[in-house]
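An overview of the molecular structure
Read off the chains here:
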Amino acid sequence: MKLTLSVIKADIGGYVGHSSSHPEVLEKAEKCMVPAKKKGLLIDYHVTRCGDDLQLIMTHQKGEDSSEIHELGWETFIDCANVAKKLKLHGAGQDLLSDAFSGNVRGMGPGVAEMEINERDAETIIIFMADKTASGAWNLPLYKVFADPFNTIGLVIAGNLHGGFSFEVHDVKESKKIVFNAPEEIYDMLVFIGAPSRFCVKNVYHRESGEIAAASSTQKLALIAGRYVGKDDPVCIVRAQGRFPAVGEVLEPFAHPHIVEGWMRGSHNGPLMPVAVRESNPTRFDGPPRVIAAGFQLAEGKLVGPVDMFDDPAFDNARQEALDIADILRRHGPFEPHRLPLDEMEYTTMPQVMKKLKSRFKKI
Ligand code: F6R
Ligand code: MG
Ligand code: MG
């Protein structure tokens, strides 16, 4: 059965500050999804949140970039932003950058990850959602899952994975894309994806079958708006089992937190901490950045689940390691590498401070 999986997300208001989401906002989103399922536009849906980001997980048969599905997402965010405004939540409607819907939510603020698939006999999917970070946060874990045999032993010993995967990489600043084949082109690919503030892995494909294996959101809010309006807080859909990596291989990169940009005022680096949904409330210095993972089996498009995949003591050490990294970085206060390089910071006072002090700078 041909099926599309769409994950559309937006921060439409935080509770308290930028740390979490209000239950009335989630209730409103559920209410918006019900009629869409009743009239058959959606096969199924699941509403959740990661920190202050509202997540709409939807299955349907309208294909990727469907204006009907995107409009449903957009209208849901508008209705939820109205609830947020009534409760005077923080930053109500912050990610909705346009006043009117024009056929597609891409470029309008919300993040989108979508994939059209032929549902397998057993279709296992994991949806990753992150808060307080940017789209490139998935580069390292996607590389490990689909190209690193030290993470994914299936690449070595499973015949149906041994042919490797290809990576579609987007240059988000120049709006260009390129496809790399792993394993033979990994050195070239790493030149780019090792710089995740500019190059993001958008899609991954199983080379022998051409089937989609992963899809991420690569919207850069700041680039869309031309000014800082919030962090991308990206999402990523990964298929697992069979000719794709096993669930355990998909989750394994998060057992050692990597450092991502996006902490406090979108201007700091911090560890990406894997947590249960209920623990995705970034409070310490507005962080550290969080990632949650919702696991589903699909049955004729029905979302059977979710299982809260990081709600597992097996990730306790990762959480502790993230806290240890957080302590080390926090000790740097306003210094790099905790603070981002000057041209990467989302908040800066540099222009006005430089203007004020210009005459005091002498040639050396
Ligand atoms: C939001 C974030 C937060 C805010 C900070 C200031 O994604 O990362 O750290 O940047 O709380 O927020 P405002 O400017 O909304 O008061
Ligand atoms: Mg927010
Ligand atoms: Mg957020």
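Report follows, based on the coordinates. (Residues numbered from 1 in each chain as written. Chains lettered and ligands numbered in written order. Predicted model: local features only at pLDDT ≥ 70, side-chain atom pairs only at ≥ 80, totals over all residues. Heavy atoms only, no water.)

**A closer look at the sheet that holds strand β3 (residues 53-60)**
The cut-off we apply is this: Only strands that DSSP links by at least two bridges are regarded as paired with each other. Here a strand is any run of E in DSSP of at least two residues, a helix any run of H or I of at least four, and the numbering for each starts at the N terminus. For helices, the fitted line uses only the C-alpha atoms of the stretch in contact; every axis is such a line through C-alpha atoms, and the angle between N-to-C directions lies from 0 to 180 degrees. Contact definition: two residues touch when any of their heavy atoms are within 4.5 Å.
With antiparallel pairing, the four strands of this open sheet are ordered in space as β2-β3-β1-β4. With one partner strand each, in any of the chains shown, β2 (44-50) and β4 (111-118) form the two edges of the open sheet. Going across the sheet, the axis of each strand differs from the next one's by a mean of 15°, ignoring polarity. Bridge count for strand β1 (residues 2-10) against β4 is eight bridges, and the pairing is antiparallel. Directly across from L3, in β4, lies its bridge partner I117. Sheet strands touched by helix α2 (residues 67-86): β1, β3 and β4. Its angle to β3, the strand with the most contacts, is close to 150°.

**Considerations on the pairing of strand β7 (residues 176-181)**
In the case of a regular strand, side chains alternate between the two sheet surfaces. Sheet analysis places strand β6 (residues 165-171) next to β7, joined by six bridges and oriented antiparallel. Directly across from F167, in β7, lies its bridge partner F180. What sits between the antiparallel neighbours β6 and β7 is a turn of four residues, in which S175 has the positive phi angle 50°.

**Section: the coordination of the magnesium ion (ligand 2)**
The cut-off we apply is this: The rule for donors is simple: an N, O or S atom within 2.8 Å of the metal counts, and for Na, K and Ca the reach is 3.2 Å. Water is not among the atoms, so a site may look short of donors. Burial classes follow relative accessibility: with a 1.4 Å probe on protein chains only, a residue under 20% of its type's maximum area counts as buried, one over 50% as exposed, and anything between as partly exposed.
Coordination sphere of the magnesium ion (ligand 2), protein contribution only: D11 (OD), H18 (ND1) and D52 (OD), at 1.9 to 2.2 Å. In this model, the magnesium ion (ligand 2) sits 4.5 Å from the magnesium ion (ligand 3), the two metals being bridged by D52. Pair noted here: H18 is in the loop between β1 and α1 (23-38) and D52 is in the loop between β2 and β3, with a separation of 34 residues, a long-range link. The class of H18 is partly exposed, set by a relative accessible area of 27%.

**What to know about the site of ligand 1**
Here is the rule: One heavy atom suffices: a residue is near a molecule or strand as soon as one of its heavy atoms comes within 4 Å of it. Pairs of N or O atoms within 3.5 Å make up the polar contacts considered here, provided that, within protein, one atom can donate a hydrogen while the other can accept it, and that residues adjacent in sequence are counted only when both atoms are side-chain atoms. For this scheme, ten residues count as nonpolar: Ala, Val, Leu, Ile, Met, Phe, Trp, Tyr, Cys and Pro. Four count as charged, namely Asp, Glu, Lys and Arg, and the remainder, Gly too, count as polar.
As a matter of local geometry, ligand 1 sits amid nine residues, with H18, H90, R265, D286 and Y347 nearest to it. Within the side chain of H18, a nitrogen or oxygen atom sits 2.9 Å from an oxygen atom of ligand 1. Residue classes in the shell around ligand 1 are distributed as three nonpolar, three polar and three charged.

**Overview of the coordination of the magnesium ion (ligand 3)**
Protein coordination at the magnesium ion (ligand 3) comes from D52 (OD), D53 (OD), D131 (OD) and D233 (OD), with a distance range of 2.0 to 2.2 Å. If you list the donors of the magnesium ion (ligand 3) from N- to C-terminus, the spacing comes out as D-D-x77-D-x101-D.

**Thoughts on the nonpolar core**
To be explicit about the condition: In this description, a nonpolar core means a group of buried Ala, Val, Leu, Ile, Met, Phe, Trp, Tyr and Cys residues linked to one another through side-chain atoms lying within 4.5 Å.
One finds F128, F146, F165, F167 and L251 to be the most contacted residues of the largest nonpolar core, which totals 41 residues. Here this core gets five residues from one element, more than from any other, and that element is helix α3 (residues 139-147).

**Observations regarding the pattern of salt bridges**
Our working definition: Whenever Lys or Arg places a side-chain nitrogen within 4 Å of a carboxyl oxygen from Asp or Glu, that contact is recorded as a salt bridge.
Applying the stated criterion to the full structure yields 17 salt bridges. We note a salt bridge from E24 to K86, for which the minimum N-O separation is 3.6 Å. Highlighted residues: E24 in helix α1 and K86 in helix α2, separated in sequence by 62 residues. By relative accessible area, which is 32% here, E24 ends up partly exposed. K86 sits in the exposed class, given a relative accessible area of 60%. The closest approach of N and O atoms between E184 and R207, which form a salt bridge, is 2.8 Å.

**Topic: the side chain of S19**
Along the chain, S19 falls in the loop between β1 and α1. For S19, a relative accessible area of 12% puts it in the buried group. Of the polar contacts made by the side chain of S19, one reaches the backbone oxygen of V16; its length is 2.8 Å. If near-sequence neighbours (up to four positions away) are discounted, S19 is found in contact with G51, D52, S280, N281, P282 and T283.

**Here we look at the packing of aromatic side chains**
Rules: Between rings of Phe, Tyr and Trp, where Trp is taken as its six-membered ring, a pair exists when centres lie within 6.5 Å; planes separated by under 30 degrees are stacked, by over 60 edge-to-face, and by other angles tilted.
This structure, assessed with the given rule, holds nine aromatic pairs. Ring plane angle 75° and centroid distance 5.7 Å describe the contact between W263 and F285, whose orientation is recorded as edge-to-face. Of this pair, W263 sits in helix α8 (residues 263-266) while F285 is found in the loop between β13 (273-274) and β14 (290-299), placing the two residues 22 residues apart along the sequence. Judged by relative accessible area, which is 25%, F285 ranks as partly exposed. A network of ring pairs unites the aromatic residues F128, W138, F254, F310 and F315 as a single cluster.

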